[in-house]
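The primary structure of each chain is shown beneath.
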Amino acid sequence: MRWKRVSGQGDMEDRRGQSSPYGGGLPIPLPIGKAGGGLGLIVIVVLALLFGGNVLGGGDGGGALSPGGVDETVPRAPAGAQTSDTSGGTSGDDAFEFTKFVSKDVQDMWTTVFQQSGKTYARAPVVTFTSGTATGCGPASAQTGPFYCPVDHRVYIDLSFFQELSRRFGAPGDFAAAYVIAHEIGHHVQSQLGIEEQVREKQQDDPGRANVYSVQLELQADCFAGVWARSTYDRGLLDPGDIEEGLQAAAAVGDDRLGARSREQWTHGSSELRVKWFRTGYDSGNPGDCDTSGVDI
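This section reports on the structure supplied with the text. Residue indices begin from 1 for each chain and proceed along its sequence in written order. Two thresholds apply to this predicted model, a pLDDT of at least 70 for residue-level local features and 80 or more for giving and counting side-chain atom pairs, whereas whole-chain, interface and lining totals are computed over all residues. In computing side-chain values, all of the structure's heavy atoms are included and hydrogens and water are not.

**Things to note about the overall build of the chain**
Note the following rule: Counting from the N terminus, the helices are the DSSP runs of H or I reaching at least four residues and the strands are the DSSP runs of E reaching at least two. Each residue is placed in one exposure class: buried if its accessible area under a 1.4 Å probe, protein chains only, is under 20% of its type's maximum, exposed if it is over 50%, and partly exposed if it falls in between. Exposure was quantified through the Shrake-Rupley algorithm and a 1.4 Å probe, taking into account, for residues, occlusion by the shown protein chains and nothing else.
Scanning the chain from terminus to terminus reveals eight helices and nine strands. The buried share among the 297 residues of the chain stands at 59%. When the accessible surface of the chain is summed, it comes to about 11400 Å², and 48% of that surface belongs to carbon and sulfur atoms.

**Digging into unusual backbone geometry**
A positive phi angle is found at Ser-131, which is not glycine, with a value near 70 degrees. Here Ser-131 shows up in the loop between β5 (126–129) and β6 (132–133). Of note in this structure, His-153 is not a glycine but carries a positive phi near 60 degrees. Relative to the assigned elements, His-153 resides in the loop between β8 (147–149) and β9 (154–158).

**A word on the pattern of salt bridges**
Put simply, the rule is: Salt bridge, as used here: a side-chain nitrogen of Lys or Arg that lies within 4 Å of a carboxyl oxygen of Asp or Glu.
Under the defined criterion, the tally for this structure stands at 15 salt bridges. Lys-104 serves as the salt-bridge partner of Asp-108, at 2.7 Å between the closest nitrogen and oxygen. Separated by four residues within a single helix, Asp-108 and Lys-104 lie in helix α2 (residues 90–116), roughly one turn from each other. On the basis of relative accessible area, Asp-108 is assigned to the buried category, the value being 19%. Accessibility expressed as a relative area gives 17% for Lys-104, which makes it buried. Salt-bridge contacts for Asp-234 lead to Arg-230; the nearest nitrogen and oxygen are separated by 3.2 Å. Placement of both Asp-234 and Arg-230 in helix α6 (residues 210–234) is noted, with a separation of four residues, approximately one turn of the helix. Taking relative accessible area as the criterion, Asp-234 reaches 44% and is therefore assigned partly exposed. Classification of Arg-230 as partly exposed rests on a relative accessible area of 25%. The structure contains a network of salt bridges with shared partners spanning Asp-11, Lys-104, Asp-108 and Arg-123.

**A word on the state of the cysteines**
Covalent bonding between the sulfur atoms of two cysteines is what defines a disulfide. So the rule is basically this: In this description, the term disulfide denotes a pair of cysteine sulfurs within 2.5 Å.
With the rule as written, the count across this model stands at two disulfides. Here Cys-137 engages in a disulfide with Cys-149; their sulfurs sit 2.1 Å apart. Residues Cys-137 and Cys-149 are joined through a disulfide that is right-handed, its torsion about the S-S bond being 90 degrees. Residue Cys-137 is found in the loop between β6 and β7 (140–141), and its partner Cys-149 is found in strand β8; the two are separated by 12 residues along the sequence. Assigned by exposure class, Cys-137 and Cys-149 land together as buried. Between Cys-223 and Cys-290 runs a disulfide, and the two sulfur atoms are separated by 2.1 Å.

**Some points on the packing of aromatic side chains**
What counts is decided by this rule: Stacked, edge-to-face and tilted labels apply to pairs of Phe, Tyr and Trp rings (six-membered ring for Trp) whose centres lie within 6.5 Å, assigned for plane angles under 30 degrees, over 60, and everything in between, in that order.
Under the definition given, this model contains eight aromatic pairs. Ring geometry for Tyr-179 and Phe-278: centres 5.6 Å apart, planes at 85 degrees, overall edge-to-face. Placement of the pair is Tyr-179 in helix α4 (residues 174–193) and Phe-278 in helix α8 (residues 271–284), with a sequence separation of 99 residues. Ring geometry for Tyr-233 versus Tyr-282: centroids 6.2 Å apart, planes at 75 degrees, classification edge-to-face.

Now the structure itself:
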């Protein structure tokens, strides 16, 4: 991926080297280890209100954004095995800078999408940490994996996960890491739209289908990540093989690949479904096409 260093702090909150866990609510993590009609109506109405009522049709997606606010060009992102040093060394700094660029680029796109629909997008801080940190959703550790906390509206990432993504899950490459970041910010978009809150209510009202609702939420975040990926293609930021890296990462974190023994245990969706919905967002470039309420497991 063709990325550039972002001047200033961007959206980042750097807690590397700090640790102070406390209790809280419910995170929406990227995992490392019959659709409800009510939910379907909620999702369709929310997407229609935000994206002009064209839920299933085409559209211009995020549009062509200019990178903006950048200074030093860096030709390739140091993802995968090159990001293992998160203690302040060169590799860790590069991983931090890459995360800063991607988070800014993703949220710049969503700011534009919301503005075009007459809405205001509140940016999510992206917290980087080592070992452990405090969150509004309870203590986080490297074992938790990247996640979005809807209580404090932050994305949390231990940068060593990018090495884990490459070595353990077989999904190397800079755009694999970018997919993870865009997916978690997608959860923040859901929170901004009120979708996340409605899903939690449906899970409480219908606990027997809680996992189905969770899978629908996760697949929509994959689709939102695909919408952003399309915007990077439109702006000439992709290198050959980048989309394949994103698709490989989506497949690598499918519940069936991560050892879920039955569909009833799924919380994020199969590899096939995750790839399908990332591809849906990428092919369309329109967040209005990310209605996953008809998905069943």
